[in-house]
Amino acid sequence: KGDHVRLLVSKGPHLVKVPDVYHNGTAAAEAALTADGFHYEVKQYTPNFGLGFVVVQSPGAGEMAPYGSTVVICIV
């Protein structure tokens, strides 16, 4: 009783809209993700057609994700 209490309320992590990198080349997709503050992980889609463009991304384009989180892109 009589002590002061300081309360800090968080609004959660800073969320950023995930850019649409679908059909981009690998380098362009990586640049767009990095520019928006994301890390990325590249996975080779099977079968590998050697075309070098994004066919799947997770989280998807337009979704909100924490700044600095990882977006997985699958390339063919």
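See the structure above.
Rules used throughout
Residues numbered from 1 in each chain as written. Predicted model: local features only at pLDDT ≥ 70, side-chain atom pairs only at ≥ 80, totals over all residues. Heavy atoms only, no water. Helix = DSSP H or I, 4+ residues; strand = E, 2+ residues; numbered from the N terminus. Rg over C-alpha atoms; globule rule 2.2 N^0.38 Å. Buried < 20%, exposed > 50% of the residue type's maximum accessible area, 1.4 Å probe, protein only. Contact = heavy atoms within 4.5 Å. Salt bridge = Lys/Arg side-chain N within 4 Å of Asp/Glu carboxyl O. Core = buried A, V, L, I, M, F, W, Y, C linked by side-chain atoms within 4.5 Å. Arc of directions from axis to C-beta.

1. Things to note about the overall build of the protein
On a plain count of helices and strands, the protein comes out with one helix and five strands. The N-to-C order of helical and strand elements in the protein reads β-α-β-β-β-β. What you see for the protein is a C-alpha radius of gyration of 18 Å, clearly larger than the 11 Å of a compact globule of 76 residues, by over 25%. Across its three principal directions, the C-alpha atoms of the protein cover 70 × 20 × 15 Å. Buried positions account for 24% of the 76 residues belonging to the protein. Taking contacts inside the protein between residues at least 6 apart in sequence as the whole, the part at least 24 apart equals 69%.

2. Here's the deal with the pattern of salt bridges
Evaluated as defined, the whole model comprises one salt bridge. Across the pair Glu41 and Lys43 runs a salt bridge, and its minimum N-O distance is 3.9 Å. With a relative accessible area of 37%, Glu41 lands in the partly exposed category.

3. A look at the nonpolar core
Ranked by size, the top nonpolar core spans 11 residues in total: Val16, Val18, Val21, Ala29, Leu33, Phe38, Val54, Ala65, Val71, Ile73 and Ile75. Looking at this core, the elements that each hand over two or more residues are helix H1 (26-35) and strand S5 (70-75). Tallying contributions element by element places S5 first for this core, with three residues. Not counting the four nearest positions on each side in its chain, Ala29 is found in contact with Val21, Asn24, Val54 and Ile73.

4. Looking at H1
Along H1, the residues that are buried comprise Thr26, Ala29 and Leu33. End-on, the buried residues of H1 take up no more than an arc of 65°, which puts them together on one face. For H1, the exposed residues lying more than 90 degrees away from the buried face are Ala27 and Ala35. Against the buried residues of H1 lie strand S2 (39-44), strand S3 (54-58) and S5. Two residues or fewer past H1, Gly37 is found with a positive phi of approximately 90°.

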